[in-house]
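Single-letter residue listing:
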2 protein chains.
Amino acid sequence: MIKIGIFGYGNLGRGIESAIRQNQDMELCAVFTRRDPATLKIKTEGVAVAHVSEVENYVDKIDVMILCGGSATDLPVQTPMLAKHFCVVDSFDTHANIPAHLAAVDSVAKDAGKVALISCGWDPGMFSLNRLYASAILPDGEDYTFWGKGVSQGHSDAIRRIQGVVDAKQYTIPVDAALEAVRSGAAPKLSTRQKHTRECFVVAAEGADKARIEKEIKEMPNYFADYDTTVHFISREELEREHSGIPHGGFVIRSGRTGFEGEHSHVIEYSLKLDSNPEFTASVIVAYARAVARMYREGNVGCKTVFDVPPAYLSASPRDELIKKLL
Amino acid sequence: MIKIGIFGYGNLGRGIESAIRQNQDMELCAVFTRRDPATLKIKTEGVAVAHVSEVENYVDKIDVMILCGGSATDLPVQTPMLAKHFCVVDSFDTHANIPAHLAAVDSVAKDAGKVALISCGWDPGMFSLNRLYASAILPDGEDYTFWGKGVSQGHSDAIRRIQGVVDAKQYTIPVDAALEAVRSGAAPKLSTRQKHTRECFVVAAEGADKARIEKEIKEMPNYFADYDTTVHFISREELEREHSGIPHGGFVIRSGRTGFEGEHSHVIEYSLKLDSNPEFTASVIVAYARAVARMYREGNVGCKTVFDVPPAYLSASPRDELIKKLL
């Protein structure tokens, strides 16, 4: 059995807890929280809930620690800190800072003789893998990534910070015409506006100036100004009833040419349609936690990415069974 | 530079030759043929064309030998034979016989200290990889593979063997309603007939009994009897004009559930739309030839599959660049 620790118990942490139940070769050993552990109720009976300050007491009890904090401030500190004592997996997703995070974690993990795997999930993660495979296979081609339809937490938060907004949910939606153009192999050049639209469901405070709120959303730099954005004002009840889920997904598409004259066109497409973004991310992470445990047993050390892991290491099935059933 | 040999120069061999030109870190060293080498004209100037009997003279000149023969009789003999002297890649695609082929090649490659990689292409190959990743991520789920729209060489050949048939092309076509049912996450049970239809374009001999030919096609066991099959009789000119390409493709879809009550559904879909089946297969093989060369340099031996190769090994770009650009 692979013994798993969960460090941080929000949406992702709960997703890890439920994913472990679907994998017979794993068990949850402990959940670590910054809150008072006495106030935290988890779903798995008989599992320790401990304060983050106690984590070093679990060094010999956990095979892989899964970090469930945020990329902005938690993981840059927590992943190197925990890699001193544990094999770790995180879902660090600030793309521009991945090389620096990797270097920091790699140095600690190598000194400690541990295996770490960062930036695991679906993007970065499965989408990255598909960009890599497709570009290696079709070197003469173009890559496209579309996200959605799905909830963007960052954009929803940005709307909530506007004065007079009580609550909000923002959906990122790929533009069908752009998807079709890419799938045709036409290799179009697409602007930000041509690829995605943004749809916002906003609960305004009683008496708030809705026209001003809508204008502030649509003109918000980086978040909305470069997109065609639609704003719907709805009641708090409707928001809770219709928009409480956390769906997401998207498409990674590469089109490319082969042949002595580049005369043949090919399209490789990978897509995800997810009812629950955190639960799917958790499912990817748990499969990679298995790979990390195995790489550690085989004597590997240092910080890995999804690019470094042989695919067979993700599965609980033995190699000969994978070859027989799936190859 | 990775020096490549091509063993067999049909559609796949020509695809390998053109794919090598798209990869700056590779060069074609020699093409081996069973024909009289003097009669074989290849596209790359200055490259040796040799008889298969001369292959051992090239032992020190080739890093990876790519086998382009058929799975029925060529590869079961050729891959073990050549793995005595070379690192090799083949596209052995008789699914049921892969474990035996793997064992035979593994034994030879280990004794010889070489790396072999078998069953490389898109199915087996990229489709297998996607079945593996998806099933590791969503253990509670169902797998579906659809092929087409594309030309099936085996089915076209079967039609050509019917008396009175001059030439024929057979297309395998996934049923849209089945694809949509799978994508919905409904996890339908689908019969052979519900998943694919078969469309045949047949050139009949002057005066041949078309009704009999159509009946023989539609009732042919294994090949057509379990499918809804359409037969069109066309002229030789129309066959050449409209059906000379070798397109193919297909879909690997897994739907699965997560959550404490299995309450969330997810769909992972990988699809290919290929203008040229052999050229795409060749492009996959060439990327894996790079991986084989690297695994050999690092001291690996034995027979590998796509399940065993870390994804980064397929790319000509260094790891830090992959992490920066694609992760």
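Since we're looking at a predicted model, the values are computed, not measured.

Conventions adopted
- Residues numbered from 1 in each chain as written.
- Chains lettered and ligands numbered in written order.
- Predicted model: local features only at pLDDT ≥ 70, side-chain atom pairs only at ≥ 80, totals over all residues.
- Heavy atoms only, no water.
- Salt bridge = Lys/Arg side-chain N within 4 Å of Asp/Glu carboxyl O.
- Buried < 20%, exposed > 50% of the residue type's maximum accessible area, 1.4 Å probe, protein only.
- Helix = DSSP H or I, 4+ residues; strand = E, 2+ residues; numbered from the N terminus.
- Contact = heavy atoms within 4.5 Å.
- Buried area = accessible area lost by both parts, 1.4 Å probe.
- Polar contact = N/O pair within 3.5 Å; in protein donor to acceptor, adjacent residues only side chain to side chain.
- Nonpolar A, V, L, I, M, F, W, Y, C, P; charged D, E, K, R; others polar.
- Pairing = 2+ DSSP bridges.

**Q** Please explain the pattern of salt bridges as it appears in this structure.
**A** Pairing is possible between side chains that carry opposite charge, provided their charged atoms lie close to one another. Tallying each qualifying case throughout the model produces 40 salt bridges over all chains. Two residues, Arg-131 of chain B and Asp-123 of chain B, come together in a salt bridge whose shortest N-O distance is 2.8 Å. The class of Asp-123 of chain B is buried, set by a relative accessible area of 17%. Salt bridges sharing partners connect three or more residues here, namely Asp-140, Glu-142 and Arg-257 of chain A.

**Q** Can you help me understand the environment of Thr-192 of chain A in this one?
**A** Residues and elements named next belong to chain A. By the secondary structure assignment, Thr-192 is in helix H7 (residues 192–195). The class for Thr-192 is partly exposed, based on a relative accessible area of 38%. The spacing of Thr-192 and Lys-273 is 81 residues in sequence and 22 Å in space, taken between C-alpha atoms. Apart from the residues lying within four places of it in its own chain, the contact partners of Thr-192 are Asp-226 and Tyr-227.

**Q** Would you mind showing me how to read the interface of chain A and chain B here?
**A** Note: interface size is frequently given as the accessible area lost on complex formation between the parts. The interface of chain A with chain B comprises 72 residues on the first partner and 72 residues on the second. At the boundary of chain A with chain B, total buried surface from both sides reaches about 6100 Å², with 64% on carbon and sulfur atoms. Connecting chain A to chain B are 2 salt bridges. Note that Arg-319 of chain B and Asp-308 of chain A form a salt bridge whose closest N and O atoms lie 2.8 Å from each other. The interface formed by chain A and chain B includes 30 residue pairs in polar contact (both at pLDDT 80 or more). Of all the secondary structure elements, the ones that give two or more residues to the side of chain A that touches chain B are helix H1 (11–20), helix H3 (98–112), helix H4 (126–137), strand S12 (248–258), strand S13 (264–274), helix H10 (277–297), strand S14 (302–304) and helix H11 (319–326) of chain A. Take the side of chain A that touches chain B: its biggest share by element is 11 residues, from S13 of chain A. Of the residues contributing to the side of chain A that touches chain B, the split by class is 34 nonpolar, 19 polar and 19 charged. In terms of strand pairing, S13 of chain A meets strand S13 (residues 264–274) of chain B through 9 bridges, oriented antiparallel. Residue pairing in the sheet places Lys-273 of chain A in a bridge with Val-267 of chain B of S13 of chain B.

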